[in-house]
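Given next are the chains, with one letter for each unit.
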Amino acid sequence: MFGQHGAHSATHVRSLIRQGRWTSHTSGLADQHVQGNIVILPQALAMDFLLYCQRNPKPCPLLAVSEPGQSLLSTLGTDIDIRSDLPRYRVWLDGELSEEPTDITHLWRDDLVTFVIGCSFSFEQALMAAGMSLRHIDEGRNVAMYRTNIATAAAGPFHGPMVVSMRPLKAADVIRAVQITSRFPDVHGAPVHIGDPTLIGIHDLSRPDFGDAVVVMPDELPVFWACGVTPQAAIQQARPAFCITHAPGAMLITDLLNHQLASL
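Residues numbered from 1 in each chain as written. Predicted model: local features only at pLDDT ≥ 70, side-chain atom pairs only at ≥ 80, totals over all residues. Heavy atoms only, no water.

## Re the sheet that holds strand β9 (residues 220–226)
(1) Moving on: Pairing in this open sheet of four strands is antiparallel, and the strands run β6-β7-β9-β8 from one edge to the other. Two strands lie at the open edges of the sheet, namely β6 (144–151) and β8 (193–194), each paired on one side alone.
(2) Moving on: Direction of pairing for strand β7 (residues 161–170) relative to β9: antiparallel, over a ladder of seven bridges. Residue Val164 lies in a different strand from β9, and its bridge partner there is Ala226. (Pairing = 2+ DSSP bridges. Helix = DSSP H or I, 4+ residues; strand = E, 2+ residues; numbered from the N terminus.)

## Observations regarding the nonpolar core
(1) Moving on: With 18 residues, the main nonpolar core has Ile40, Ile82, Ile244 and Leu252 as its most contacted residues.
(2) Moving on: Excluding its chain neighbours within four sequence positions, the residues that come into contact with Ile244 are Ile38, Val39, Ile40, Tyr89, Arg90, Val91, Ile104 and Leu107.
(3) Moving on: Counting 17 residues, the second-largest nonpolar core is a separate cluster that includes Leu41, Ala46, Phe49 and Tyr52. (Core = buried A, V, L, I, M, F, W, Y, C linked by side-chain atoms within 4.5 Å. Buried < 20%, exposed > 50% of the residue type's maximum accessible area, 1.4 Å probe, protein only. Contact = heavy atoms within 4.5 Å.)

## Here we look at helix α5 (residues 171–182)
(1) Moving on: In this model, α5 (12 residues) spans 18 Å end to end at C-alpha, consistent with the 16 Å of a helix rising 1.5 Å per residue.
(2) Moving on: Residues Val174, Ala177, Ile180 and Thr181 constitute the buried set of α5. Each buried residue of α5 sits inside an arc of 135° when the element is viewed along its axis, so together they form one side. Among the exposed residues of α5, those pointing more than 90 degrees away from its buried face are Ala172 and Ile175. (Expected span 1.5 Å × (residues − 1). Arc of directions from axis to C-beta.)

## Thoughts on the packing of aromatic side chains
(1) Moving on: For the structure on display, the rule yields five aromatic pairs.
(2) Moving on: Ring centres of Phe123 and Trp225 lie 5.1 Å apart, and the angle between their planes is 40°; on these two criteria the pair is classed as tilted. Residue Phe123 is found in helix α3 (residues 121–129), and its partner Trp225 is found in strand β9; the two are separated by 102 residues along the sequence.
(3) Moving on: Of the residues examined, Phe123 reaches a relative accessible area of 0% and is grouped as buried. (Phe/Tyr/Trp six-rings, centres within 6.5 Å; stacked < 30°, edge-to-face > 60°.)

## Brief notes about the pattern of salt bridges
(1) Moving on: According to the stated counting rule, one finds 12 salt bridges in the structure shown.
(2) Moving on: The shortest N-O distance in the salt bridge between Glu139 and Arg141 comes to 2.8 Å.
(3) Moving on: The class of Glu139 is partly exposed, set by a relative accessible area of 42%.
(4) Moving on: Judged by its relative accessible area of 34%, Arg141 is partly exposed.
(5) Moving on: As a salt-bridge pair, Asp219 and Lys170 come within 2.7 Å of each other at their nearest N and O atoms. Placement of the pair is Asp219 in the loop between β8 and β9 and Lys170 in strand β7, with a sequence separation of 49 residues.
(6) Moving on: Classification of Lys170 by relative accessible area gives partly exposed; the value is 42%. (Salt bridge = Lys/Arg side-chain N within 4 Å of Asp/Glu carboxyl O.)

Next comes the structure, spelled out in structure tokens:
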């Protein structure tokens, strides 16, 4: 459906998603555009979750917060409807995953508040522009994501481990990758760890908790960035009666451009 990753506009990709014609991950699609993780909660829990994001800006950098019941996100793009414009959603009931629909219009309520959290897919364009090869994109895979032993700061009922995404890079590219991604604090910024995964509680890179495994070659180092799937670990701890998130890797593609988020 997409002959070349990145070759289609955000509007075109969202149109295919809204029609149910694209239900997979969005890594590499409309690659100049900012992508976002999604958490949708009842208003009664929204303040606690907002505090959770503010206390954990590395994994949870906020791009937008809606008014209760507002499904159109005009600050992020033309005609974005959070009920239909993600390839796949996750519905959580009492902290347990209930279903993964491709549309949540039938579940929408007037008290729901949408949080859009920055996604590391947004700095991948800058890494590739600097000549770095990203294996999960080259292989058409979702990025590998892992739970760690790094605790997040609690807020209300929300707490839990930081989730990270991993990209193998040649040792010579790692310092440049740190420099580049440091310019994008709104989409997780610099890595939180480089090298030995056991130091952050990851014991088998071939078995990610989310996404797809990729091989780390002998001349490469695994580089770990904070990940916007972290709230899903917190939701499993908080066990809200009702919550909706994106399925890992299945992001909201906005009209914002990645370079607009660069701090320098």
